[in-house]
Amino acid sequence: MTDFTLTFLGTGTSVGIPMIGCDCETCRSTDPRDKRLRSSIWVRTPEAAWVVDTGPDFRTQCLRAGIRHLDAAVFTHPHMDHLTGFDELRRFTIPADAFMPVHALPSCLQVLERMFTYAFNGENRYRGYLKPFPKPVHGPFHLGETTLTPLPVQHGKVECIGYLFTRHGRRLCAYIPDAKSLPQSTLDLIQGVDTLIIDALRHTEHPTHLNFTESLALHALIQPRRTFFTHLQCEIMHSREEPLLPPDVRLAYDGLELHWE
Ligand SMILES: [Zn+2]
Ligand SMILES: [Zn+2]
Ligand SMILES: [Zn+2]
């Protein structure tokens with residue numbers, strides 16, 4: 001049995017939706033699907049639970065989703081909308097006074113160590129402080145029975161990856177929240193994956209993010225069973241935009257839960 005559950009903790013772009021100072025229709029919308037915290041997911045399996053990225057909304061996201069236990073934190077890249085809630089992980093290390101495994105590219109770990117020096121330098125070892133256990137990502141690794149395969153992507157100047165989740169030989173899901181383009185090596189890894197979750201910022205072009213046209217082209221190329229767009233800007237109003245998409249391409253929204261039996 002696969003037994004893999006993925007919950008969207010946030011589906012918004014770096015500034016979140018509503019955006020400070022914006023009076024557009026989406027930012028004023030009362031549809032809960034238009035309230036987007038910073039992009040992150042929570043994954044649960046019988047043996048292990050983890051989050052991908054801990055942005056500035058991480059504490060709120062944990063409370064809202066009722067997260068009480070995490071075995072690891074996994075990171076895509078060191079942009080602030082994916083990192084700045086890092087210290088909130090300490091709540092998950094208290095019961096056993098445990099270390100928190102932190103899986104990230106060496107370049108991303110470097111930024112975390114600079115930003116959260118007090119957590120990494122070994123000086124504060126009181127109960128209640130975050131004690132990260134750095135796990136540099138150099139290739140596929142396992143959390144319980146799930147294999148996480150890093151998916152290198154191009155996303156501006158920063159080194160950035162998504163993740164492919166494979167369980168018992170089934171390629172369940174590729175999660176790529178931030179990308180402008182995917183190299184052939186990544187396309188090969190996710191060709192025909194069950195579910196693709198991908199950056200689709202808005203309609204207008206952007207120098208470091210995929211837009212709707214580009215992500216629809218990737219959906220057609222990769223041919224997953226279904227695709228979810230995430231990391232959405234306020235140009236995208238859920239009830240207005242989703243009906244215009246092909247039936248196998250949907251907009252993710254905060255709180256949406258996907259389950260594989
Ligand atoms: Zn981002
Ligand atoms: Zn707006
Ligand atoms: Zn980014």
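Residues numbered from 1 in each chain as written. Chains lettered and ligands numbered in written order. Predicted model: local features only at pLDDT ≥ 70, side-chain atom pairs only at ≥ 80, totals over all residues. Heavy atoms only, no water.

**Q** I tried to follow the overall build of the protein on my own but got confused; where do I start?
**A** If you tally the helices and strands in the protein, you get seven helices and 14 strands. Against the 2.2 N^0.38 benchmark of 18 Å for 261 residues, the protein shows a C-alpha radius of gyration of 18 Å, consistent with a compact globule. By principal-axis analysis of the C-alpha atoms, the protein measures approximately 55 × 45 × 35 Å. Out of the 261 residues in the protein, the part that is buried amounts to 57%. The long-range share in the protein, meaning contacts at least 24 apart out of those at least 6 apart in sequence, stands at 67%. Summed over its atoms, the accessible surface of the protein is roughly 11200 Å², and 54% of this surface lies on carbon and sulfur atoms. Between the averaged position of the 26 positive side-chain charges in the protein and that of its 30 negative side-chain charges there is a distance of 4 Å. (Helix = DSSP H or I, 4+ residues; strand = E, 2+ residues; numbered from the N terminus. Rg over C-alpha atoms; globule rule 2.2 N^0.38 Å. Buried < 20%, exposed > 50% of the residue type's maximum accessible area, 1.4 Å probe, protein only. Contact = heavy atoms within 4.5 Å. Areas by Shrake-Rupley, 256 points an atom, 1.4 Å probe, with all protein chains shown as cover. Lys, Arg positive; Asp, Glu negative; His and termini not counted. Charge placed at Lys NZ, Arg CZ, Asp CG, Glu CD.)

**Q** Whenever I open this one, a nonpolar patch on the surface confuses me. Can you help?
**A** A surface patch of nonpolar side chains, about 320 Å² in accessible area, is lined by Tyr-118, Tyr-126 and Tyr-129. Tracing the chain through its elements places Tyr-126 in the loop between α4 (117-120) and β6 (132-136). (Patch = residues over 30% accessible without salt bridge, like charges linked within 9 Å, V, L, I, M, F, W, Y side chains within 5 Å. Salt bridge = Lys/Arg side-chain N within 4 Å of Asp/Glu carboxyl O.)

**Q** Just to check I follow, could you spell out unusual backbone geometry for this structure?
**A** Backbone geometry follows two general trends: most residues other than glycine have a negative phi, and most peptide bonds adopt the trans configuration. A cis amide bond, omega 0°, links Ile-17 with the succeeding residue Pro-18. Looking at the element boundaries, Pro-18 is found in the loop between β1 (4-10) and α1 (25-28). Although it is not a glycine, His-168 adopts a positive phi angle of roughly 50°. With respect to the helices and strands, His-168 occurs in the loop between β9 (158-167) and β10 (170-176). Look at His-168 and you get partly exposed, because its relative accessible area is 45%. Despite not being glycine, His-231 shows a phi value in the positive range, around 55°. Tracing the sequence through the fold places His-231 in the loop between β12 (226-230) and α7 (238-241). Assessed through its relative accessible area of 1%, His-231 is described here as buried.

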